[in-house]
Amino acid sequence: MATIEECRSALDKLSDNMQRAEGDVRDAAALDRSVSCHITDLDVTFVGRMRGGRIEVHDTVQGPPPDKAEIRLAMTGDDLTALVDGELSFAKAWGSGRVKLHAGVRDLLQLRKLL
């Protein structure tokens, strides 16, 4: 099972990858939205903001997200690290329910370019 530190590191790596993206992926990463990522097996939520092509984590809270972020993810720590390391396909994980993504329709259309 991934630790809180490994999950935070995975989010930092995802942010770095988004920063280096080009074309349509870069445009999608440039959204300015509140973000939460609930790690279900650790019952911890990373809360922050996606802006400027990066994910800025502002806080780590125990339990589910305290507020409704504009983009909300939920998954296990192992799935987060596997997604970021390229060992797990987002589409497959999302389709099977291993990863949950909640966002507005316009944001989903933009985010599909990232995923």
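All figures in this text were calculated on a predicted structure; none of them were measured in a lab.

## Some details on helix 3 (residues 77-84)
No. 1: When you tally the buried positions in helix 3, you get seven out of eight residues, the bulk of the element.
No. 2: Of the surrounding elements, those touching the buried residues of helix 3 are helix 1 (4-20), strand 1 (33-39), strand 4 (71-75) and helix 4 (90-95).
No. 3: One or two positions beyond helix 3, positive phi appears at G86, with a value near 80°.

## Re the nonpolar core
No. 1: Counting 28 residues, the largest nonpolar core has C7, I39, M50, I71, M75, L80 and V99 as the members making the most contacts within it.
No. 2: Within the residue set of this core, elements represented by two or more residues are helix 1, strand 1, strand 2 (44-51), strand 3 (54-62), strand 4, helix 3 and helix 4.

## As for the confidence of the model for the chain
No. 1: Confidence in the prediction of the chain, expressed as mean pLDDT, is 90, and 93% of residues score 70 or more.
No. 2: Here helix 2 (residues 23-29) stands out as the element of the chain with the lowest mean pLDDT, 69, in contrast to strand 1, whose mean of 97 is the highest.

## Considerations on the state of the cysteines
No. 1: Scanning all chains against the criterion turns up zero disulfides.
No. 2: Free cysteine: C37, not disulfide-bonded; nearest cysteine sulfur from C7 at 7.5 Å.
No. 3: Residue C37 is classed as buried on the basis of its relative accessible area, which comes to 2%.

Quick notes on the rules
- Residues numbered from 1 in each chain as written.
- Predicted model: local features only at pLDDT ≥ 70, side-chain atom pairs only at ≥ 80, totals over all residues.
- Heavy atoms only, no water.
- Buried < 20%, exposed > 50% of the residue type's maximum accessible area, 1.4 Å probe, protein only.
- Helix = DSSP H or I, 4+ residues; strand = E, 2+ residues; numbered from the N terminus.
- Contact = heavy atoms within 4.5 Å.
- Core = buried A, V, L, I, M, F, W, Y, C linked by side-chain atoms within 4.5 Å.
- pLDDT = per-residue confidence, 0-100.
- Disulfide = S-S within 2.5 Å.

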